[in-house]
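Residue-level structure breakdown
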Amino acid sequence: MNTESLDLLYQQYSRQVLSTLIRLLGEFELAEEAMQDAFYAAMQQWPVDGWPEHPVAWLITTGRRKGIDQIRRRQTARRYADEQLHLQDEAEPELDPTAIQDDQLRLIFTCCHPALSADARLALTLRELCGLTTEQVAAALLQKPTTLAQRIVRAKQKIKAAAIPYEIPHANELPARLQSVLQVIYLIYNEGYSSTSGTQLLNIQLADEAIRLGRQLALLLPEPEVHALLALMLLQHARQHARQNANGDLVTLEQQDRTLWLRPMLDEGLQWLALALTKPPAGVYTLQAAIAAVHSNATSYDETDWQQIQGLYQLLYQQWPSPVVALNRAVATAMHQGPEAGLQELDALSSHKAIQNYHLFHAAKADLYRRSGQFQPARIAYQRALALVQQEPERRFLQQRLATLPN
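In this report, the structure presented in the accompanying data block is examined. (Residues numbered from 1 in each chain as written. Predicted model: local features only at pLDDT ≥ 70, side-chain atom pairs only at ≥ 80, totals over all residues. Heavy atoms only, no water.)

Here the structure, examined in full by the defined rule, presents seven aromatic pairs. Relative to W58, the ring of W46 lies with its centre 5.1 Å away and its plane at 75°, an arrangement referred to as edge-to-face. One end of the pair, W46, is in helix 2 (residues 28–49); the other, W58, is in helix 3 (residues 55–73), with twelve residues separating them in the sequence. With relative accessibility at 5%, the residue W46 sits in the buried group. (Phe/Tyr/Trp six-rings, centres within 6.5 Å; stacked < 30°, edge-to-face > 60°. Helix = DSSP H or I, 4+ residues; strand = E, 2+ residues; numbered from the N terminus. Buried < 20%, exposed > 50% of the residue type's maximum accessible area, 1.4 Å probe, protein only.)

What follows is the structure, encoded as structure tokens:
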């Protein structure tokens, strides 16, 4: 098995294996070490013995055994004494496929426990469930990598010290825990929709995984915002084939071939949105899904109802007054009322420190300057965006736009 095959195997199965090993071994760090040992064993054995019939079950079983071996080697350490005695006499568990599928959802609720801070919930889940690097999580949350690393370590310590259960909460506890879970699932999707760094625009597997988790949550808790989040992800994911060309370059919404949009996925997203709208008032995910629906219903970019989108962003900002929402509202304003109106709104955002380090803020300013014929300010804004962008397709797009500006 070569390195490429192992990387693919890891991408396909590592988070699922880790989630179940956390349940079986009862500790993040131990499960992570055991998972790594299991994949190393696969690299050594599978080329000789052949690919197993059930690779996930093989990796989980092997990882559990490796974890127990580690506990036994550390049996003199007091903090592992109880686990050692518990696991030593336990028979090999039957691996229920349904339980394995639910383990990732269990892990989300564990990571989103109220005993953890909101930032820790998001960071820990993105790091542990999705396998994002600390740098990728930091970029998604607009925070420093060093701060995120410390927060993740403290969150793991808190889970262990507080004995936070690894389980899906009871029905009466679910609503209070829902919002942070929805945030986590959507952040997972966003990383799949547009990678924060690297050579690829899309991570289809990660986006599909977020949608799968959204479907599971919709079955578990059929609330309007759950339905709306699923609608939002489907409506956005339906554009996947049109968002990049054959060379992997970014294609903007304005330039996309809408015949490449996946109509069945759009229709399903609209159905979930209709279900969410049956129980007002509209929440933040319902409003975002409604914005995506306006885009999906437009036959062309020029025929987009920008006035409606601007109004929906205004309603969204009233519920969620974040600088990123304000940025998107400014772009909608520009498309409805002209680039100068949008630039005025973007100028009002300049006092937000976090947004100044957000490459899309400067990219939006550059585009509106370009549309208004202000080429020197556009050039400066493109250069600032290029200094901040971490994803190669976006970098190439910004470089191309910069190169086309008149001297």
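Contact geometry of helix 9 (residues 174–193) with helix 13 (residues 284–297) gives a least axis separation of 12 Å together with a crossing angle of 35°. Here Q179, L182, Q183 and Y186 of helix 9 lie close against helix 13, whose contacting residues are V284, Y285 and Q288. Taken together, the residues that form the contact of helix 9 with helix 13 break down as four nonpolar, three polar and no charged. (Axes fitted to C-alpha atoms, helices over the stretch in contact; angles between N-to-C directions. Contact = heavy atoms within 4.5 Å. Nonpolar A, V, L, I, M, F, W, Y, C, P; charged D, E, K, R; others polar.)

A few words on the side chain of S14. Structurally, the position occupied by S14 is in helix 1 (residues 3–25). Leaving out residues up to four positions away in the same chain, S14 has contacts with L9, M35 and F39.

On the secondary structure map, R177 appears in helix 9. A polar contact is formed between the side chain of R177 and the backbone oxygen of F109, at a distance of 2.4 Å. When residues no more than four places from it in sequence are discounted, the contact partners of R177 are F109, T110, C112, H113, P114 and P169. (Polar contact = N/O pair within 3.5 Å; in protein donor to acceptor, adjacent residues only side chain to side chain.)

Attention now moves to the packing of helix 6 (residues 118–128) against helix 9. Taken N-terminus to C-terminus, the directions of helix 6 and helix 9 make an angle of 45°; their axes are 10 Å apart at the nearest point. For the element pair helix 6 / helix 9, the angle class is oblique. The crossing of helix 6 and helix 9 is right-handed. Contacts between helix 6 and helix 9 pair R121, L122, T125 and L126 from the former with S180, Q183, V184, L187 and I188 from the latter. For the contact of helix 6 with helix 9, the residue count by class is five nonpolar, three polar and one charged. (Parallel < 35°, antiparallel > 145°, perpendicular 65-115°, else oblique. Left-handed = near helix turned anticlockwise from the far one by under 90°.)

Within this model, the second largest pocket holds a volume of roughly 720 Å³. Lining the second largest pocket we find 26 residues, and of these Q11, C130, N203, Q205 and L206 sit closest to its centre. Every element with two or more residues in the lining of the second largest pocket is listed here: helix 1, helix 5 (97–111) and helix 10 (204–220). When residues of the lining of the second largest pocket are assigned to their parent elements, the largest contribution, eight residues, is made by helix 1. (1 Å grid on protein atoms, 1.4 Å probe; cavity = no way out; pocket = protein on both sides within 12 Å on 5 of 7 lines; lining within 4 Å. Points joined across faces, edges and corners; volume = space filled by probe spheres on them.)

Here we come to the pattern of salt bridges. Inspection of every chain in the model, using the stated rule, returns 16 salt bridges. A salt bridge links E27 to K160; the shortest N-O distance between them is 3.4 Å. Highlighted residues: E27 in the loop between helix 1 and helix 2 and K160 in helix 8 (residues 145–161), separated in sequence by 133 residues. Two residues, R263 and D267, come together in a salt bridge whose shortest N-O distance is 3.2 Å. Of this pair, R263 and D267 both sit in helix 12 (residues 263–276), four residues apart, which is roughly one turn of that helix. By relative accessible area, R263 is classed as partly exposed at 38%. Residue class for D267 comes out partly exposed when judged on its relative accessible area of 33%. In this structure, a network of salt bridges that share partners links the residues E254, D367, R370, R371 and R401. (Salt bridge = Lys/Arg side-chain N within 4 Å of Asp/Glu carboxyl O.)

What follows is about the nonpolar core. I185, I188 and M233 are the most contacted members of the largest nonpolar core, which has 98 residues in total. When residues of this core are assigned to their parent elements, the largest contribution, eleven residues, is made by helix 9. In this structure, I185 is in contact with I108, A210, L213, G214, L217, L229 and M233, ignoring residues within four places of it in sequence. One finds A334, L349, A366 and A378 within the second-largest nonpolar core, a separate group that totals 25 residues. (Core = buried A, V, L, I, M, F, W, Y, C linked by side-chain atoms within 4.5 Å.)

We now examine the environment of P47. Within the element layout of this structure, P47 appears in helix 2. P47 sits in the partly exposed class, given a relative accessible area of 47%. In sequence terms P47 and A290 are 243 residues apart; their C-alpha atoms lie 50 Å from each other.

A few words now on unusual backbone geometry. In the segment running from P280 into P281, the intervening peptide bond is cis, with an omega of 5°. Topologically, P281 is positioned in the loop between helix 12 and helix 13. Phi is positive for A163, which is not a glycine, with a value near 50°. Considering the arrangement of structural elements, one finds A163 in the loop between helix 8 and helix 9.

So far we have only geometry, and geometry alone does not tell us how the molecule works.
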